[in-house]
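Given next are the chains, with one letter for each unit.
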Amino acid sequence: MGGGVAGFLHYSADYRKPDKAFGGNDGGVRANRSIVVMSVGHACVDVYQGAVAALVPFFVVEREYTYAAASALVLAASLLSSIAQPGFGLLTDRYRLPWLLPAGTVVAGVGIGLSGVSDSYLLTLLFMAVAGVGVAAYHPESARLARRASGGRHTAMGWFVLGGNLGFAGAPLLVAAVVGAGGLRWTPLLVLPALVGAALCVPIMVLARAGRVAAAPGRTGVDDRRSFVILSLAVVCRSIVFVGLSTFVALYARERTGGGTDAGALALGLLYLGGAVGTVAGGRLADRWGRIVVVRWSYLLTVVATAGVVFVPGPALYLFVALTSAGLYVPFSLQVTLGQDYLPSRVGTAAGITLGLTVSAGGLVSPLIGALADATSLRIALIPLIALPAVAWVLVSLLVEPEMATSVGGGRAR
């Protein structure tokens, strides 16, 4: 691991000489180790995105929040994040800010850690918002560095994103183990992954600063803003489906299967864990078939799978949750790299928007889903989610692979 960090820092010391950092006989090994280090750090921060939804059932049961009140917690974590993350992306395109990695991780952990300590609903909303800002601070800089460390390889970038997916997947298990055992007053224990993540980030931050990293990479292609906007709209559709299910699938699984909190935790865990398979598969499939083709077919799968989640009763629901997860996660890292290739002169901004929209847009809509569920039923409230992957499929069908964008290594994006 130490060699990987050193290789990454040597590479980061001059963004304009990417091939020298990972070239040579052992360059590929150093690059892969760097991605592994960053992937673990990514897991440590994304566990707090997953923890927001994982805490919702406990707030409903322990504090008797309505669906709308509980979903507003997701909104609190998403609202500031949706505003702040593109802003952090703009900053990282202009300045070298590696300290955002450990700082964002710690802020996210503290926000979630304090979310259950007070009975005040307003304070709970505030702490969720703090967690959202921490997540927003972490992602643009980390995605930019990971993109460069990956050398533009879809599979390597997929491994970085996989770390975040595993953090998501581990969140329900972590929350169930901690909060399920001691109640919401035990949420301060949830700060522990942040300490691990910060410990991984701090040496990178210190040595990267000492290496006098260039402020920003040079322009490598012509920005295609039209395609980036279309892609972003597709990401919004994905976000609404994913966050909507993340917020309510645990409660819905309990209704449809007649189980308790364990039944809900299993459904949420499958929704997150299926993403691990989807992300790795997405990178490999894209290397063979191209990103646009893979993303389109993934959204078609998601239409069918989401319908199964909504309408199929009993234990079979879990199969469709897993299929929905795969369909939503196969495009995840591919959309990040597509966004960066559509805006090659602003890769930090592109990452900030695409990664930010993956959660924040859905968080903005989830209170509406909760309000509809309170007025009708949770099943009726989830039905609109079936149509959104079809809309995303139509949008992605308007896109082509970014021919003019080049990878960070100087070659054409593949």
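Residues numbered from 1 in each chain as written. Predicted model: local features only at pLDDT ≥ 70, side-chain atom pairs only at ≥ 80, totals over all residues. Heavy atoms only, no water.

## Quick notes on the overall build of the protein chain
Here is step 1 of the chain: When helices and strands are counted, the protein chain shows 16 helices and 0 strands.
Here is step 2 of the chain: Nonlocal contacts in the protein chain, meaning residues at least 24 apart in sequence, comprise 84% of its contacts between residues at least 6 apart.
Here is step 3 of the chain: Surface accessibility of the protein chain: about 15300 Å² in total, with carbon and sulfur atoms responsible for 70%. (Helix = DSSP H or I, 4+ residues; strand = E, 2+ residues; numbered from the N terminus. Contact = heavy atoms within 4.5 Å. Areas by Shrake-Rupley, 256 points an atom, 1.4 Å probe, with all protein chains shown as cover.)

## A few points about the packing of aromatic side chains
Here is step 1 of the chain: Throughout the structure, instances matching the rule amount to 5 aromatic pairs.
Here is step 2 of the chain: Considering the side-chain rings of Phe242 and Tyr329, the 5.4 Å spacing of their centres and the 80° angle between planes classify their relative orientation as edge-to-face. With Phe242 in helix 9 (residues 225–257) and Tyr329 in helix 12 (residues 316–329), the pair connects residues that are 87 residues apart, well separated along the chain.
Here is step 3 of the chain: Residue classification places Phe242 among the buried positions, given a relative accessible area of 3%.
Here is step 4 of the chain: Each ring, one from Tyr329 and one from Phe332, has its centre 5.8 Å from the other, and the planes form 75°; the classification is edge-to-face.
Here is step 5 of the chain: Tyr329 sits in the buried class, given a relative accessible area of 1%.
Here is step 6 of the chain: The class of Phe332 is buried, set by a relative accessible area of 8%. (Phe/Tyr/Trp six-rings, centres within 6.5 Å; stacked < 30°, edge-to-face > 60°. Buried < 20%, exposed > 50% of the residue type's maximum accessible area, 1.4 Å probe, protein only.)

## A short note on the packing of helix 9 against helix 10 (residues 261–289)
Here is step 1 of the chain: Remark: helix 9 packs on helix 10, axes separated minimally by 8 Å, with the N-to-C direction vectors making an angle of 145°. The handedness of the crossing between helix 9 and helix 10 comes out as right-handed. Between helix 9 and helix 10, the residues in contact are Phe242, Leu245, Ser246, Val249, Ala250, Ala253, Arg254 and Thr257 and Thr261, Ala263, Gly264, Ala267, Leu268, Leu271 and Tyr272, respectively.
Here is step 2 of the chain: Here the residues of the contact of helix 9 with helix 10 sort into 10 nonpolar, 4 polar and 1 charged. (Axes fitted to C-alpha atoms, helices over the stretch in contact; angles between N-to-C directions. Left-handed = near helix turned anticlockwise from the far one by under 90°. Nonpolar A, V, L, I, M, F, W, Y, C, P; charged D, E, K, R; others polar.)

## Topic: the packing of helix 11 (residues 291–311) against helix 16 (residues 387–396)
Here is step 1 of the chain: One way to put it is that helix 11 packs onto helix 16 with a least axis distance of 8 Å and a crossing angle of 165°. Put simply, helix 11 runs roughly antiparallel to helix 16. Regarding helix 11 and helix 16, the two cross each other, and that crossing is left-handed. In contact with Ile292, Val295, Arg296, Tyr299, Leu300, Thr302, Val303 and Thr306 of helix 11, helix 16 contributes Pro389, Ala390, Ala392, Trp393 and Val396.
Here is step 2 of the chain: Its residues assigned to classes, the contact of helix 11 with helix 16 comprises 10 nonpolar, 2 polar and 1 charged. (Parallel < 35°, antiparallel > 145°, perpendicular 65-115°, else oblique.)

## So, the nonpolar core
Here is step 1 of the chain: Membership of the largest hydrophobic core comes to 100 residues, with the highest contact counts inside it found for Ile112 and Met128.
Here is step 2 of the chain: Here the element with the most residues in this core is helix 9; it accounts for 15 residues.
Here is step 3 of the chain: Excluding residues within four positions of it along the chain, Met128 makes contact with Val52, Leu55, Phe59, Leu73, Ala76, Ala77, Ile112 and Ser115.
Here is step 4 of the chain: Of all hydrophobic cores here, the second largest spans 6 residues; its members include Ala84, Phe88, Leu97 and Ala137. (Core = buried A, V, L, I, M, F, W, Y, C linked by side-chain atoms within 4.5 Å.)

## Let's talk about the side chain of His42
Here is step 1 of the chain: Along the polypeptide, His42 turns up in helix 3 (residues 27–63).
Here is step 2 of the chain: Under the relative-accessibility criterion, His42 is labelled buried at 1%.
Here is step 3 of the chain: Dropping the residues within four chain positions of it, His42 is found in contact with Tyr138, His139, Phe160, Val161, Gly163 and Gly164.

## So, the pattern of salt bridges
Here is step 1 of the chain: Across all of its chains, the model carries 3 salt bridges by this definition.
Here is step 2 of the chain: The shortest N-O distance in the salt bridge between Asp341 and Arg291 comes to 2.9 Å. Placement of the pair is Asp341 in helix 13 (residues 332–342) and Arg291 in helix 11, with a sequence separation of 50 residues. Accessibility assignment for this pair places Asp341 and Arg291 in one class, buried.
Here is step 3 of the chain: The closest approach of N and O atoms between Glu401 and Arg291, which form a salt bridge, is 3.0 Å. With Glu401 in the segment after helix 16 and Arg291 in helix 11, this residue pair connects regions lying 110 residues apart in the sequence.
Here is step 4 of the chain: Judged by relative accessible area, Glu401 falls into the partly exposed class, the value being 22%.
Here is step 5 of the chain: Arg291 sits in the buried class, given a relative accessible area of 1%.
Here is step 6 of the chain: When salt bridges that share partners are traced, they join Arg291, Asp341 and Glu401 into one network. (Salt bridge = Lys/Arg side-chain N within 4 Å of Asp/Glu carboxyl O.)

## Quick look at the environment of Asp341
Here is step 1 of the chain: What makes Asp341 buried here is its relative accessible area of 3%.
Here is step 2 of the chain: Each C-alpha atom, one on Asp341 and one on Asp223, is 8.0 Å from the other, the two residues being 118 residues apart in sequence.

## Thoughts on unusual backbone geometry
Here is step 1 of the chain: One non-glycine residue with positive phi stands out, namely Glu64, at about 60°.
Here is step 2 of the chain: With respect to the helices and strands, the residue Glu64 is situated in the loop between helix 3 and helix 4 (67–94).
Here is step 3 of the chain: Note on Glu64: relative accessible area 68%, which makes it exposed.

## Looking at the confidence of the model for the protein chain
A low pLDDT score tells you not to read the predicted coordinates there in detail.
Here is step 1 of the chain: Put simply, the protein chain has an average pLDDT of 80, and 82% of its residues get 70 or more.
Here is step 2 of the chain: Predicted confidence in the protein chain is weakest over helix 1 (residues 2–12), with a mean pLDDT of 36, and strongest over helix 16, with 97.
Here is step 3 of the chain: Per-residue pLDDT stays below 50 along residues 1–30; that stretch engages in 56 contacts with residues further than four places along the chain or on separate chains.
Here is step 4 of the chain: Contacts for the low-pLDDT stretch residues 404–414, under 50 throughout, to residues beyond four places or in other chains number 28 contacts. (pLDDT = per-residue confidence, 0-100.)

## Observations regarding helix 10
Here is step 1 of the chain: Taking 1.5 Å of rise per residue, 29 residues should cover 42 Å, and helix 10 covers 41 Å from first to last C-alpha, within 8% of that figure.
Here is step 2 of the chain: After helix 10 finishes, the residue Gly290 shows a positive phi value of roughly 100°. (Expected span 1.5 Å × (residues − 1).)

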